[in-house]
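Reading the structure
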Amino acid sequence: MEKQDNKVRKLQVIKFEVKKGETFEFNGNTKTEHDRITGFFVRLSNTEALPGSTFRMWLDDVEVIPDDTEVAIAHHNTDMSIPDVTFPVDEKAKNSPVRIIYKDDSENLAADDSYNVRVYLLAIQDIKK
């Protein structure tokens, strides 16, 4: 948790499981205590699934990632720092809707393989004094 002025930076993690060839749709909400979403990044438990996987994402009913965007552009590897890989956005949080459509079209996985996808939302929470 990093403090800046009277703001605290936090993470919200969205996790779901995807099977080879599956399209997964996530519908949820940002945390009520978070004021703004300032960026996000993605991690896959199996990086072999990166080639061919795409996603689309909305925050507060605003499309921030268009259809058919490769997951690899927002994927965080352990050899990169979070600021270097974070995709910047500036959208309202406060229980706002989050919608993600994730499509696996990977050719590198076995037919019955599945893996976890984590989308990390970087949030700012104002501290009331």
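Residues numbered from 1 in each chain as written. Predicted model: local features only at pLDDT ≥ 70, side-chain atom pairs only at ≥ 80, totals over all residues. Heavy atoms only, no water.

When you go through the protein residue by residue, the secondary structure sums to one helix and nine strands. In terms of C-alpha radius of gyration, the protein reaches 15 Å, essentially the compact-globule figure of 14 Å for 129 residues. In terms of its C-alpha atoms, the protein occupies a principal-axis envelope of roughly 55 × 30 × 20 Å. By the burial criterion, 41% of the 129 residues in the protein qualify as buried. Here the contacts in the protein between residues at least 6 apart in sequence split such that 80% fall between residues at least 24 apart. Total accessible area computed for the protein in this model is approximately 7,300 Å², and 44% of it derives from carbon and sulfur atoms. Charged side chains of the protein number 18 positive and 24 negative; the gap between the two group centres comes to 10 Å. (Helix = DSSP H or I, 4+ residues; strand = E, 2+ residues; numbered from the N terminus. Rg over C-alpha atoms; globule rule 2.2 N^0.38 Å. Buried < 20%, exposed > 50% of the residue type's maximum accessible area, 1.4 Å probe, protein only. Contact = heavy atoms within 4.5 Å. Areas by Shrake-Rupley, 256 points an atom, 1.4 Å probe, with all protein chains shown as cover. Lys, Arg positive; Asp, Glu negative; His and termini not counted. Charge placed at Lys NZ, Arg CZ, Asp CG, Glu CD.)

The next subject is the side chain of Ser-53. Inspection of the secondary structure puts Ser-53 in the loop between β4 (36-44) and β5 (54-59). Of note is the side chain of Ser-53, whose polar atom sits 2.6 Å from the backbone oxygen of Ala-49. Other than its neighbours up to four places away in sequence, Ser-53 contacts Thr-69, Glu-70, Val-71, Tyr-102, Lys-103, Asp-104, Asp-105 and Tyr-115. (Polar contact = N/O pair within 3.5 Å; in protein donor to acceptor, adjacent residues only side chain to side chain.)

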